[in-house]
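Structure at a glance
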Amino acid sequence: MADAEFDVLILGAGSGGYACALRAAQLGLTVGLVEKGNLGGTCLHVGCIPTKALLHAAEVADSTRESEQFGVRATLEGIDMAGVNSYKDGVVSRLFKGLSGLIKSRGITVIEGSGRLTGPKQVTVGDATYTGKNVVLASGSYSRSLPGLEVDGERVLTSEHALRLERVPSSVIVLGGGVIGCEFASVWKSFGADVTIIEALPRLVAAEDEASSKVLERAFRKRKIDFRTGTPFQSVKHTDTGVAVFVEGANGEQSVIEAELLLVAVGRGPVTEGLGYDEQGVAMDRGFVLADERCRTNLDGVYAVGDIVPGLQLAHRGFQQGIFVAEDIAGLEPQPIDEAGIPRVTYSHPEIASVGLNESKAAETYGADGIETVTYDLSGNGKSQILKTQGFVKLVRQKEGPVVGIHLVGDRVGELIGEAQLIYNWEGHAEDVAPLVHAHPTQNEALGEAHLALAGKPLHAHS
């Protein structure tokens, strides 16, 4: 296959790359897919899927530990990490096998090895060179660290290392209170570890609506997850039993926190260095590839998707961008993706889910007097009471206009974001949603009740 030419040549087989490959092949285009690791990339192997498997195991542990409140007598004897990892790896293996079969059945040429852009339409892998009428850059992301903070994989870990741990640590410091940090903090606390989160920003999951952050923080306090917001990291050193992390205290004074392990969860960076993008003239900014709303770079016929493009670093964003690019290349003229319309979920206990604008962004966009909000407490929702979860559905709308933001907190609310993103993306008004019938008893009813309240006819809502 050396020197072969494809209609679409894709560098990277993560969510964005493989989705582009599958859709392009479906549309009758010839596809070359270059990947140095396993098909599926970060999300499938060291990201979304294995992390959520750990979170489910954590949920089982919590349910067992707290079973008596449901009248069930059960005893949690401990966490068997070998068994947890076997379960997690089994999920990944089955999905990987299924994806590999799909790729093969579509006639996609998989080119194994480390690819490099060596011409505007050319990728070199080892000694072989491949060309594409269209090239899609989809090289993904890596776990970032901080200047001077050395990750050793033993005491100072990234999420990739954390997924391979063969024991439950006695104590962990999580550096970063964003999505990844809060998810791992939640898992480890459920598994029995002492957890402290250090976050430089004023609140946890700072990208979410402020009300969502407050509910998560309250829940974490109740679970005895310690967290210190507005606390910049300074340095770390090894001790006889683990690590000592030095942070800036309230009055600018240095304080120290000790634990067995430190997880560095300060975000993800783009994998672009050394891949030839700069040399070929691809417009870049701090390592990210700049692309327009149609995922086009400044080079004709060269697209970029997923985590290397500035914006939300979410697998489903890359996945949809990959489909979009394949359809654009095939001449189907798909509609550009609205970044605000991409659903976001933090799978902690409790979960946070959102789509659209938070209240402060909506006020900034439409003016403080141009928006309206309503918050429906899950205490009025039967299924949430059955599950013994607390939280809310918060709606933000343009006055006398569509709903522009939906924010949810509570166990399992990530499953509600499907309907929520339809409401936002279809520019639904509260009056459009209020008459729709939601099955009883479900948590979906909470969305219905919130829209009833926003439409001026609240039922199971307490003032």
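Here the structure is shown first, and the text comes after it.
Each chain has its residues counted from 1, running along the sequence as written. In keeping with the model being predicted, local features are shown solely for residues with a pLDDT of at least 70 and side-chain atom pairs are shown and tallied solely at 80 or more, while totals for entire chains, interfaces and linings include all residues. The basis for every side-chain value is the complete set of heavy atoms in the structure, and neither hydrogens nor water enter the calculation.

What to know about the environment of Asn-381
Basically, it comes down to this: Only DSSP runs of H or I covering at least 4 residues are called helices, and only runs of E covering at least 2 are called strands; the numbering of each starts at the N terminus.
Structurally, the position occupied by Asn-381 is in the loop between strand 22 (371-377) and helix 10 (382-387). With 60 residues separating them along the chain, Asn-381 and Pro-441 place their C-alpha atoms 8.0 Å apart.

Quick word on the pattern of salt bridges
The cut-off we apply is this: When a carboxyl oxygen of Asp or Glu lies within 4 Å of a side-chain nitrogen of Lys or Arg, that pair is called a salt bridge. In this scheme, a residue with accessible area under 20% of its type's maximum is buried, one over 50% is exposed, and one in between is partly exposed, where area comes from a 1.4 Å probe on protein chains only.
Scanning the entire structure with this criterion turns up 19 salt bridges. Note that Arg-268 and Glu-160 form a salt bridge whose closest N and O atoms lie 3.6 Å from each other. Taken together, the residues span a long stretch of sequence, with Arg-268 in strand 16 (residues 268-270) and Glu-160 in helix 5 (residues 159-163) at a distance of 108 residues. Among the residues examined, Arg-268 registers a relative accessible area of 12% and is labelled buried. Shared partners join several salt bridges into a network, and the residues in it are Asp-209, Glu-359 and Lys-394.

Thoughts on the sheet that holds strand 24 (residues 403-410)
Put simply, the test is: In this scheme, strands are said to pair when DSSP sees at least two bridges between them. Note on definitions: angles span 0 to 180 degrees between N-to-C directions of axes, and those axes are lines fitted to C-alpha atoms, for helices only across the stretch in contact. Whether two residues are in contact is decided by their heavy atoms: any pair within 4.5 Å suffices.
In spatial order, the strands read 20-21-24-23-22; together these five strands make up an open sheet with antiparallel pairing. Two strands close off the open sheet at either side, each with one partner strand: strand 20 (344-346) and strand 22. Neighbouring strand axes in the sheet, compared pairwise and without regard to direction, differ in orientation by 10° on average. As defined by bridge partners, strand 22 adjoins strand 23 (residues 392-398) across seven bridges and the pair is classed as antiparallel. In the sheet register, Asp-377 faces strand 23, and the bridge partner there is Phe-392. Each of strand 22, strand 23 and strand 24 touches helix 9 (residues 359-366); the most contacted strand, strand 22, lies at about 165° to it.

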